[in-house]
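# A closer look at the structure
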Protein chains: 2
Amino acid sequence: MSTISVDCVIFGFDQNQLKVLLAERWIKDQEGNLLDKDYTLTGYHIYQDEDLDSAAHRIVEDITGLEGLHFEQFYSFGDLNRLQKEKDQRWLKQFGDVFSERVISVAYYSLLPSTKIQILDKDRNIEWFPVYEIENLAYDHHKILDKAIKHLRYRLSHEPIAFDLLPKKFTISQMYKLYESIYNTKYDKRNFRRKVSQMKFVVPLDEYQSAVANKPAQLYMFSRDVYEATKKDHHGFFFNY
Amino acid sequence: MSTISVDCVIFGFDQNQLKVLLAERWIKDQEGNLLDKDYTLTGYHIYQDEDLDSAAHRIVEDITGLEGLHFEQFYSFGDLNRLQKEKDQRWLKQFGDVFSERVISVAYYSLLPSTKIQILDKDRNIEWFPVYEIENLAYDHHKILDKAIKHLRYRLSHEPIAFDLLPKKFTISQMYKLYESIYNTKYDKRNFRRKVSQMKFVVPLDEYQSAVANKPAQLYMFSRDVYEATKKDHHGFFFNY
DNA sequence: ACAAAAGTGTTCGATATACACCCATGA
DNA sequence: TCATGGGTGTATATCGAACACTTTTGT
C-alpha cells in the first residue's frame, strides 16, 4: 500500500522562452522563522475513483481553468528516499500522516498555448519560470523536470505537438524560436523555413502581423486534417535533433 | 492508498524472433472446471522497503536468476477498470483482498541475452512467445506489451542496447535479424552491413562460426569503451526507423 | 534615416536506397 | 554437386549544413 500522487510539468512558451509553472514553498521552523524558500512542480495525490490521466487533467484544470490540453505521462518516481531530505520532511509534517510513508509520483507534462492565463489557485503562489534557469526545486523535482524535457524533445520530433504551445495563428519565427528553446540550440533560419514550407500541414494564411516595428510576418496555422491525411508521406513528423 | 505492482516485459531473441516471457493462467470456476486459459506478463507487487527499480530487478531475478540486465521503466498503468474484466476478477479473488482495490502497475522491460535460460519459478508455467504472435493476454497486458515494444524501438534507435539481446560474440546477420525483428520490417543486407561497419564500437574479431553448413560468418563484439570514447561523433546511436 | 525582424537560393558533402553475383562450408 | 547463408560495390536521389543580402514597417 502506497500513496500515489500525480505531478504535472506544465510547459508554456513566452518571449521566446520555454517556461514551467512552479509553486512557491516557504519552509519555516516551529517558531515560524523562514528557513528556506524553494519551488515545487504542481501535483496532488490521486482520488480513489479517478484514472491517472484524469488526475493529471484535474490538477492542471484546477490551476489554469483550461481543458483539452495536450497531456503525456512520461515516468514514475518511487525511490524510497525521494521525500527524505530534511527540509522536505519538515514541510510534509504539517500535512500529518498522509506523506509519512512512501509516495510514488506518476509524472505528466502538459502543453499550454499561452503563458498569459489566470492562475486560479490563489492559495499558492504559482508562477512561470524559464526552464533553463530553474534551481532550488523541492524533493526530486529537478529529476522529474529533466525527464520531462527529454521526453518532450523526443515526442516533438515524432509528433506535431509544437503547435499546442503556440497561438492558433503563429509566425514561422515563433515556431523557430520555440524549437530552439526546446532543444536549447540554434537553427539556421533559412533551412528551418525551407523545412517548414515542406510541411503541408503548416498552412500560410492571408494575414500578417500588425503594429510591429518591422516588416510584418505572415501568419500560419496548423491543420490536423492535413496532417492526418498526409501522414503516410512524412512517416510521423520527424524534426531531427 | 493504492496497491502498486511492477510488471516486467522480458524480451529475448532467439531463432531470428523477438520473444517475450509469459506466464500461463488457468481460470477455473468454483467446481474447478477450466473456463479459460490465457497469459500474463511477469509481475509482482512491490515491497514497502524497495525502490521501484529494485522491485523490477527482483522480479526478473526470481524468474531467470540473472543479474545486471538492461532495465527500463517505460510507463505506468492505473486505469480504474484495468483489472475489472470478469475473468480477471475471478482469477484475483483467490488472492483475497490485496487486489480488491485498484492496482497501479509500473511497467519495465528488460533484455535477456539468451532465451536459453533456466526458468527458476517452478510454480508457474513460464515460457517464451514470439511477440508478434501473442494474443489472449490477461488484464491490460496487451496494452503494456505494445507500449514496451514502442519504447524499445525508440531506445534502440538512440542507444546501443541491441547488444544486450545478443550473445557476447555475434554475427552481423544476427544483429541484422534482430533489428528486423524489433522493427518488424526488412532491411537491405548490404546497406545494413555498411552502416554497421561504420560503427567503430562493433569490433570484428578473428573468429568465425564453426560447424555450420555454409560459409562461416565472422564474429563481432560490442565495445562499450569504444562507444563511450566516440560518443561525440555519433550523437548518440541513431539507427533510423 | 535608422532599427528590427522578415524573407529569400545555391552549393557541397553526407547519407539513404536500390540492386545481383560469387564464396566457403557441410551434407 | 548442391543447398545454405556469408560477403561484397556502385550509381542515384535526397537531405542537412553553411552562408549574406534585400525588404518592409514604425519611430
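Each chain carries its own residue numbering, running from 1 in the written order of its sequence. As a convention, the first chain written is A and the first ligand written is 1, with the rest following in written order. In keeping with the predicted nature of the model, local features appear solely for residues at pLDDT of at least 70, side-chain atom pairs appear and are counted solely at 80 or more, and the whole-chain, interface and lining totals rest on all residues. Hydrogen atoms and water are omitted, and side-chain values are computed over all heavy atoms in the structure.

## Describing the nonpolar core
Among buried residues, the Ala, Val, Leu, Ile, Met, Phe, Trp, Tyr and Cys ones that are joined through side-chain atoms within 4.5 Å form a nonpolar core. Only protein chains enter the accessibility calculation, which uses a 1.4 Å probe. A residue is then buried if its area is under 20% of the maximum for its type, exposed if over 50%, and partly exposed in between. In this structure, Val9, Phe11 and Tyr179 of chain A are the most contacted members of the largest nonpolar core, which totals 47 residues. Secondary structure counts use DSSP, requiring at least four H or I residues in a row for a helix and at least two E residues in a row for a strand, with both numbered from the N terminus. At the level of secondary structure, the elements contributing two or more residues to this core comprise strand E1 (3-14), strand E2 (17-28), strand E5 (70-77), strand E6 (103-111), helix H3 (141-156), helix H4 (172-183), helix H5 (189-197) and strand E9 (218-222) of chain A. Residue ranges for the domains originate in an automatic or database domain assignment. Looking at which domains feed residues into this core, each of domain 1 (2-156) and domain 2 (161-233) of chain A gives three or more. Ala107, Ala148, Val196 and Tyr227 of chain B belong to the second largest nonpolar core, which has 46 residues in total.

## Side note on the protein's contact with DNA strand D
A molecule or strand has a residue near it when one of that residue's heavy atoms lies within 4 Å. The environment of DNA strand D is made up of 21 residues, and the closest members are Val212 and Lys215 of chain A together with Ser173, Asn214 and Gln218 of chain B. The sugar-phosphate backbone supplies 39% of the atoms of DNA strand D found within 4 Å of the protein. Ala213 of chain B is positioned such that a nitrogen or oxygen atom in its backbone is 3.3 Å from a base oxygen of DNA strand D. Elements with a minimum of two residues in the surface near DNA strand D: H5 of chain A together with helix H5 (189-198) of chain B. N or O atoms closer than or at 3.5 Å make up a polar contact, with two conditions inside protein: a donor-capable atom paired with an acceptor-capable one, and, for residues adjacent in sequence, both atoms drawn from side chains.

## Focus on the environment of Leu66 of chain B
Residue and element names in this part refer to chain B. Its location among the elements puts Leu66 in the loop between helix H1 (52-64) and strand E5 (70-77). The partly exposed category is assigned to Leu66, whose relative accessible area is 29%. Linking Leu66 and Gln94, residues 28 residues apart in sequence, is a C-alpha distance of 30 Å. Residues count as neighbours in contact if any of their non-hydrogen atoms are within 4.5 Å of one another. Not counting residues within four places of it along the chain, the set of residues in contact with Leu66 comprises Glu61, Leu112 and Ile117.

## Thoughts on the relation of the copies chain A and chain B
The least-squares superposition of copies is restricted to C-alpha atoms, and to residues with a pLDDT of at least 70 in both copies. Turning chain A through 180° and shifting it by 0.0 Å along the axis lays it on chain B, with an RMSD of 0.0 Å. Considering both components of the superposition, the chain copies are consistent with a two-fold axis. When you check the interface residues of chain A against chain B, 100% turn up at the interface there too, and the contact is symmetric in its surfaces.

## A closer look at the interface of chain A and chain B
Taken together, the 28 residues of chain A in the interface contact 28 residues of chain B. Salt bridges are identified by distance alone: a Lys or Arg side-chain nitrogen within 4 Å of an Asp or Glu carboxyl oxygen. At the surface where chain A touches chain B, the tally comes to 0 salt bridges. Summed over the shared surface of chain A and chain B, the result is 8 residue pairs in polar contact (both at pLDDT 80 or more). Of all elements in the fold, only E1, helix H1 (52-64), E5 and E6 of chain A reach the threshold of two or more residues within the side of chain A that touches chain B. Per-element tally for the side of chain A that touches chain B: the top contributor is E5 of chain A, with 4 residues. Gly counts as polar in this scheme, as do all residues outside two lists: the nonpolar Ala, Val, Leu, Ile, Met, Phe, Trp, Tyr, Cys and Pro, and the charged Asp, Glu, Lys and Arg. Among the residues forming the side of chain A that touches chain B, the class breakdown is 13 nonpolar, 8 polar and 7 charged.

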